[in-house]
Amino acid sequence: IWRTPITPKGPALCSVGPRIGVTFDVVNPLAVGEEPFAFARAIGDRLFNVHLKDYTIHPSPSGYRLVRAELGQGVIDWPAMIALVRSLAPAATYHIELAAIYARHIRLYEQDWWRGYAPRSAQELLPTLRFVAQNMQPPDQAWQTPWEAGAPLEECAAYEIGQYERSVTYLKTFMD
């Protein structure tokens, strides 16, 4: 995960050769306070591979939780994202990655969370805050995965297999 905001002129995007590029883990920018579509545009044609995964966003007093979701049931508009990626990097490859079995707690409202990040203005953070606000689940919505809820292993396995199968079915509706 990038520890500083990505900009087209930033040192993280220096060319190191034609065979080295970026794996774009589509929802991971949210884990560092960045908006996924803006991140894709910033890395542009350096994008070589795409992790297809999705999250739902759940509020917490200190920020938000990112909870894995099957593709099409989370915050990413996949037809729009795939169209963007194809326009930026037509040769990029794709694979499904259903993400962590435990929610990721992004403590964006805590001062300590920002330690190690380059300074950012509130204006730079606005696209992310807007994206999060527009996609936030209601505060009373359950967020724990079966793993976090201590469900039996059979239920956890069924959850994972079901998410994968429904993700593949969803992708078949618009991917060629």
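Not measured: the values here are computed from a predicted model.

Conventions adopted
- Counting restarts for each chain: residues are numbered from 1 in the order of the written sequence.
- In view of the model being predicted, local features appear only for residues whose pLDDT reaches at least 70, and side-chain atom pairs are presented and counted only at 80 or more, with totals across whole chains, interfaces and linings using the full set of residues.
- Processing note: side-chain calculations cover all non-hydrogen atoms of the structure and skip hydrogens and water entirely.
- Each helix is a run of DSSP H or I of at least 4 residues and each strand a run of E of at least 2, with the numbering of both proceeding from the N terminus.
- Radius of gyration: over C-alpha atoms. The globule rule applied is 2.2 Å multiplied by the number of residues raised to the 0.38 power.
- Between any two strands, pairing holds if DSSP finds at least two bridges.
- Between N-to-C directions, angles cover 0 to 180 degrees, with each direction set by a line fitted to C-alpha atoms, over the stretch in contact for helices.
- On a scale of 0 to 100, pLDDT captures the predictor's confidence in every residue.
- Between two residues, a contact is recorded if the distance between any of their heavy atoms is within 4.5 Å.

J.: Explain the overall build of the protein here, please?
T.: In terms of helices and strands, the protein carries four helices and six strands. The secondary structure elements of the protein, listed N-terminal to C-terminal, are β-α-β-β-β-α-β-β-α-α. Its C-alpha atoms give the protein a radius of gyration of 17 Å, near enough to 16 Å, the size a compact globule of 176 residues would have. With respect to the principal axes defined by its C-alpha atoms, the protein has extents near 50 × 45 × 25 Å.

J.: Would you explain the sheet that holds strand E4 (residues 63–69) in this entry?
T.: Pairing between the strands of a sheet comes from backbone hydrogen bonds, and it takes one of two forms, parallel or antiparallel. Spatially, three strands are ordered E3-E4-E6 in an open sheet, and the strand pairing comes out antiparallel. The open sheet terminates on both sides in strands that have one partner only, identified here as strand E3 (54–60) and strand E6 (104–106). Adjacent strand axes in the sheet meet at a mean angle of 25°, parallel and antiparallel pairs treated alike.

J.: I tried to follow the confidence of the model for the protein on my own but got confused; where do I start?
T.: Parts of the prediction with low pLDDT should not have their coordinates interpreted in detail. Of the residues in the protein, 91% reach a pLDDT of 70 or more, and the chain-wide mean stands at 90. Within the model, the stretch residues 1–13 combines pLDDT values under 50 with 29 contacts to residues more than four positions away or in other chains.

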